[in-house]
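In case you want the letters, here they are:
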Amino acid sequence: MTPSQRLKAMQSNRGRTRPERRVASSLWGAGFRYMTADGYRARTGRRFPGNPDMIFAGRRCVLFVDGCFWHGCRKCHNFERDLDSWWLAKIARNVARDRRVRRALRRDGWTVLVVREHELATSVRFARLIQRLTSRLRAIRYHVPDARSRHQAQGKR
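The written sequence of each chain sets the order in which its residues are numbered from 1. Thresholds applied to this predicted model are a pLDDT of at least 70 for local features of residues and 80 or more for the giving and counting of side-chain atom pairs; totals over whole chains, interfaces and linings are not thresholded and use all residues. Hydrogens are left out, water is left out, and the side-chain values use all remaining heavy atoms of the structure.

Draft legend 1. Highlighting the environment of L120. Of note, L120 is situated in the loop between β3 (111-116) and α6 (123-139). C-alpha separation for the pair L120 and P19, spaced 101 residues apart in sequence, amounts to 7.2 Å. Beyond its immediate stretch of four places on either side in the chain, L120 contacts P19, R22, V23, V115, F126 and L129. Each helix is a run of H or I in the DSSP string that is no shorter than four residues. Each strand is a run of E no shorter than two, and both are numbered from the N terminus. Working rule for contacts: check all heavy atoms of both residues, and any pair within 4.5 Å makes them a contact.

Draft legend 2. Quick peek at the packing of helix α2 (residues 18-29) against α6. Direction vectors running N to C along α2 and α6 enclose 55°, while the axes themselves pass 11 Å from each other. Considered as vectors, α2 and α6 are oriented oblique to each other. As α2 runs across α6, the sense of the crossing is right-handed. Only F126, L129, I130, L133, T134 and L137 of α6 make contact with α2, whose side of the interface consists of R22, V23, S26 and L27. Under the convention adopted here, Pro, Cys and the residues Ala, Val, Leu, Ile, Met, Phe, Trp and Tyr are nonpolar, Asp, Glu, Lys and Arg are charged, and Gly plus all remaining residues are polar. Split into classes, the residues belonging to the contact of α2 with α6 amount to seven nonpolar, two polar and one charged. Only the contacting stretch of a helix is used when fitting its axis, a line to C-alpha atoms as for every element, and angles between N-to-C directions run 0 to 180 degrees. An angle counts as roughly parallel when it lies under 35 degrees, as roughly antiparallel when it exceeds 145, as roughly perpendicular when it falls between 65 and 115, and as oblique in every other case. With the far helix as reference, a near helix turned anticlockwise by less than a right angle produces a left-handed crossing, and one turned clockwise produces a right-handed crossing.

Draft legend 3. Looking closely at the nonpolar core. Among the nonpolar cores identified, the biggest contains 19 residues, and V23, L27, M54, F56, L63, L133 and L137 are the most heavily contacted of them. Looking at this core, the elements that each hand over two or more residues are α2, β1 (54-56), β2 (61-66), β3 and α6. Considering every element that reaches this core, the biggest residue donor is α6, with five residues. If we skip the residues at most four places from it in the chain, V23 touches M54, L63, V65, L120, F126, L129, I130 and L133. Residues I55, V62, F64 and W110 belong to the second largest nonpolar core, which totals 10 residues. Only buried residues count toward a nonpolar core, which is a set of Ala, Val, Leu, Ile, Met, Phe, Trp, Tyr and Cys residues joined through side-chain atoms within 4.5 Å. Only protein chains enter the accessibility calculation, which uses a 1.4 Å probe; a residue whose area is less than 20% of its type maximum is buried, one above 50% is exposed, and one in between is partly exposed.

Draft legend 4. Here's a closer look at the sheet that holds β3. Pairing between two strands requires that DSSP report at least two bridges joining them. The sheet built from three strands is open, its strands ordered β1-β2-β3 with mixed pairing. In this open sheet, the two edge strands, each paired with only one partner strand, are β1 and β3. The sheet shows a mean angle of 15° between the axes of neighbouring strands, direction not considered. Here β2 pairs with β3 via six bridges, running parallel. Its bridge partner lying in β3, L63 is registered against L113. The sheet contacts of α6 involve β1, β2 and β3, and relative to β3 the element is tilted by about 175°.

Draft legend 5. Looking closely at the pattern of salt bridges. Salt bridges are defined as contacts in which a side-chain nitrogen from Lys or Arg sits within 4 Å of a carboxyl oxygen from Asp or Glu. Tallying each qualifying case throughout the model produces five salt bridges. Across the pair R41 and D38 runs a salt bridge, and its minimum N-O distance is 3.3 Å. On the criterion of helical spacing, the pair formed by R41 and D38 is a turn pair, its members being three residues apart in helix α3 (residues 37-44). The exposed category is assigned to D38, whose relative accessible area is 53%.

Draft legend 6. Expanded view of the pairing of β2. Burial within β2 is extensive, with six of its six residues counted as buried. Every second residue of β2 is oriented toward a common face, with C61, L63 and V65 on one face and V62, F64 and D66 on the other, all of them buried. In this sheet, β2 lies alongside β1 in antiparallel orientation, the contact comprising three bridges. Directly across from M54, in β2, lies its bridge partner L63. Taking the residues between adjacent antiparallel strands as the criterion, β1 and β2 are bridged by four residues, where R60 takes a positive phi near 50°.

Here is the structure:
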């Protein structure tokens with residue numbers, strides 16, 4: 001990839017991607033309500049760690065819809081063969097950051113769900129994915145924080 005192609009690819013990543021919109025639309029249609037990271041920030045005044053694509057706050061569950069290239073999917077890409085050292089380091093940093101963020105969220109009591117772009121490739125795969133996600137989300141009980149954790153979240157004692 002030439003520097004100008006790389007620049008164009010990086011600049012085109014604005015807003016929600018088509019895979020994110022597809023998953024979000026299907027889950028919303030199935031009755032699952034969520035916030036985006038921007039919506040969370042607008043509502044709480046705080047940035048949500050890791051910028052998940054969907055936050056199901058009542059269920060303490062987050063969903064990341066990851067592009068196979070940007071998040072190092074080895075099922076879809078042979079990075080060592082196809083990329084130069086700059087891109088290999090970039091993808092490795094992305095993967096390490098993903099691992100760090102997801103571990104921290106799990107440690108804080110969040111359920112972390114990850115969808116890879118290749119899981120949306122065909123309509124059959126997509127239907128299976130949505131079925132799996134809806135089953136998983138229904139199985140997660142609503143989280144009702146106790147008064148102590150609510151006060152801690154608001155910075156009170």
